[in-house]
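Residue-level listing of the chains:
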Amino acid sequence: MIVNNAKYELTAVRPEQYPAGSMPEVAFAGRSNVGKSSIINTLTNRKNIARVGATPGKTKEINFYNIEEKLYFVDLPGYGYAKVSKEKKASWNEVIETYLYTRKQLQFIILLVDIRHAPSEDDKAMYEWMKSHNIPYVIVAAKADKITKSQINVRLKEIKAVLGVPEGIEPIPFSSETRQGKDQVWGRIDQALNLV
Ligand SMILES: Nc1nc2c(ncn2[C@@H]2O[C@H](COP(=O)(O)OP(=O)(O)OP(=O)(O)O)[C@@H](O)[C@H]2O)c(=O)[nH]1
Ligand SMILES: [Mg+2]
């Protein structure tokens, strides 16, 4: 989809605060600081529609962005940030889980992992959950500009091995700096939501 009209809609914690109506939703999940808000900016051709955190681990709410009145992008709180208290972690996880378990409009998940590092235990848990619930998804290997081209395939292989990704499913290397992978990710969203 070519986006000319994207706007911030609302911020929610509990289900009764989620947007009314039945537009399909695409959720962005991943560790704190992996680049969820940045990919939303890149995919919507906006510099600052989603706030990119200088301090990771700050976003504890869910932000909804209205894309062309056709779908919502859903920016979930990042998980797994080390420097927050256990209580805070638990309440953020609850926000994420409640959304994932209850939201009927959720049609596609974009799981972001950092291309430079092996996926964490939290990434593995998120991936297992996605697989077991049969929600269509794509794995995005973010910050691809931070490694050399020759390293990309090596890193993708490791991500697949650690997550236990089935044969034939390929993570998409992506960069919000160079916009590498943008068209591929949109292609997968269009396909999943039948937008083309
Ligand atoms: N080099 C590079 N830096 C990136 C990329 N994507 C994000 N960043 C940087 O990584 C940091 C975190 O990006 P965010 O988009 O705020 O990450 P987030 O996943 O939304 O973080 P939380 O909201 O805390 O969960 C920022 O400093 C971004 O500028 C990328 O593709 N390449
Ligand atoms: Mg963010």
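Summary of the structure given here. (Residues numbered from 1 in each chain as written. Chains lettered and ligands numbered in written order. Predicted model: local features only at pLDDT ≥ 70, side-chain atom pairs only at ≥ 80, totals over all residues. Heavy atoms only, no water.)

Things to note about the sheet that holds strand 3 (residues 62–67)
What counts here: Pairing between strands requires that DSSP locate at least two bridges from one strand to the other. Only DSSP runs of H or I reaching four residues or more are called helices, and only runs of E reaching two or more are called strands; each is numbered from the N terminus. Note on contacts: a residue pair qualifies if any of its non-hydrogen atoms lie within 4.5 Å across the two residues. Angles here are taken between N-to-C directions and fall from 0 to 180 degrees, while the axes themselves are lines fitted to C-alpha atoms, restricted in helices to the stretch in contact.
Spatially, 1-3-4-2-5-6-7 is the arrangement adopted by the seven strands of the open sheet, whose pairing is mixed. A single partner strand is all that each edge strand has here, and the edge strands are strand 1 (6–12) and strand 7 (172–173). Running over the sheet, helix 3 (residues 121–132) touches strand 2 (25–30), strand 5 (106–114) and strand 6 (137–142) and is turned about 155° from strand 5.

Brief notes about the side chain of Asp 190
Put simply, the rule is: Relative accessibility decides the category of a residue: with a 1.4 Å probe and only protein chains considered, values under 20% of the type maximum give buried, values over 50% give exposed, and everything between is partly exposed. Within this scheme the basic residues Lys and Arg register as positive and the acidic residues Asp and Glu register as negative, but His and the chain ends are omitted. For this analysis, a salt bridge means a side-chain nitrogen from Lys or Arg found within 4 Å of a carboxyl oxygen belonging to Asp or Glu.
Secondary-structure assignment places Asp 190 in helix 5 (residues 182–193). Buried charge without a partner: Asp 190 forms no salt bridge, and the closest opposite charge is Lys 70, 8.9 Å away. Residues contacting Asp 190, with those up to four places away along its chain left out, are Met 1, Leu 195 and Val 196.

Thoughts on the packing of aromatic side chains
To keep it simple, the criterion reads: Only Phe, Tyr and Trp rings are paired, with Trp represented by its six-membered ring, and only when their centres lie within 6.5 Å; those with planes under 30 degrees apart are stacked, over 60 edge-to-face, the remainder tilted.
Enumeration according to the criterion identifies nine aromatic pairs in this entry. Put simply, the rings of Tyr 18, Phe 64, Tyr 72 and Tyr 99 pair up and form one aromatic cluster.

Re the nonpolar core
Counted only if it meets this: Take the buried residues of types Ala, Val, Leu, Ile, Met, Phe, Trp, Tyr and Cys, join any two whose side-chain atoms come within 4.5 Å, and each joined set is a nonpolar core.
Core analysis: the largest hydrophobic core is formed by 35 residues, its most contacted members being Leu 76, Tyr 99, Leu 100 and Ile 109. Elements represented by at least two residues in this core include exactly strand 2, strand 3, strand 4 (71–75), helix 2 (86–102), strand 5, helix 3, strand 6 and helix 4 (149–163). Apart from the residues lying within four places of it in its own chain, the contact partners of Tyr 99 are Tyr 18, Glu 25, Ala 27, Ile 62, Phe 64, Val 74, Leu 76 and Leu 106. Formed by 26 residues, the second largest nonpolar core is a distinct cluster that contains Val 26, Ile 40, Ile 172 and Ile 189.

Re the environment of Ser 132
Looking at the secondary structure, you find Ser 132 in helix 3. Under the relative-accessibility criterion, Ser 132 is labelled exposed at 52%. Spatially, the C-alpha atom of Ser 132 lies 27 Å from that of Asn 153, the residues being 21 residues apart in sequence.

Overview of the pattern of salt bridges
Here the structure, examined in full by the defined rule, presents ten salt bridges. A salt bridge links Asp 114 to Arg 116; the shortest N-O distance between them is 2.8 Å. Judged by relative accessible area, which is 30%, Arg 116 ranks as partly exposed. In this structure, Lys 124 engages Glu 121 in a salt bridge whose closest nitrogen and oxygen atoms are separated by 3.1 Å. Separated by three residues within a single helix, Lys 124 and Glu 121 lie in helix 3, roughly one turn from each other. Assessed through its relative accessible area of 58%, Glu 121 is described here as exposed. One salt-bridge network, held together by shared partners, links Lys 7, Glu 9 and Glu 69.

Brief notes about the environment of Val 165
Tracing the chain through its elements places Val 165 in the loop between helix 4 and strand 7. Setting aside its immediate chain neighbours within four residues, Val 165 contacts Tyr 127, Ile 139 and Lys 160.

Thoughts on helix 1 (residues 36–43)
Each α-helix turn comprises 3.6 residues. Residues three or four places apart therefore point the same way. Across the eight residues that make up helix 1, a large majority, eight, are buried. Those residues of helix 1 not exposed but buried are Lys 36, Ser 37, Ser 38, Ile 39, Ile 40, Asn 41, Thr 42 and Leu 43.

Structural notes on the site of ligand 1
Definition in use: Throughout, near means a residue has at least one heavy atom within 4 Å of the molecule or strand. The term polar contact refers here to a pair of N or O atoms within 3.5 Å; inside protein, the definition further demands a hydrogen-donor-capable atom paired with an acceptor-capable atom, and it admits residues adjacent in sequence only when both atoms are side-chain atoms. Accessibility throughout is a Shrake-Rupley quantity obtained with a 1.4 Å probe, and a residue counts as covered only by protein chains that appear here. Residue polarity follows a fixed list, in which Ala, Val, Leu, Ile, Met, Phe, Trp, Tyr, Cys and Pro are nonpolar, Asp, Glu, Lys and Arg are charged, and the others, Gly among them, are polar.
Within the structure, ligand 1 sits among 20 residues, and Lys 36, Ser 38, Gly 53, Asp 145 and Ser 176 are positioned closest to it. The side chain of Ser 32 places a nitrogen or oxygen atom 3.0 Å from an oxygen atom of ligand 1. The fraction of the free accessible surface of ligand 1 (650 Å²) that becomes covered by protein chains is 85%. Of the residues contributing to the shell around ligand 1, the split by class is three nonpolar, eleven polar and six charged.

The quantities given are spatial measurements derived from coordinates; they are silent on function.
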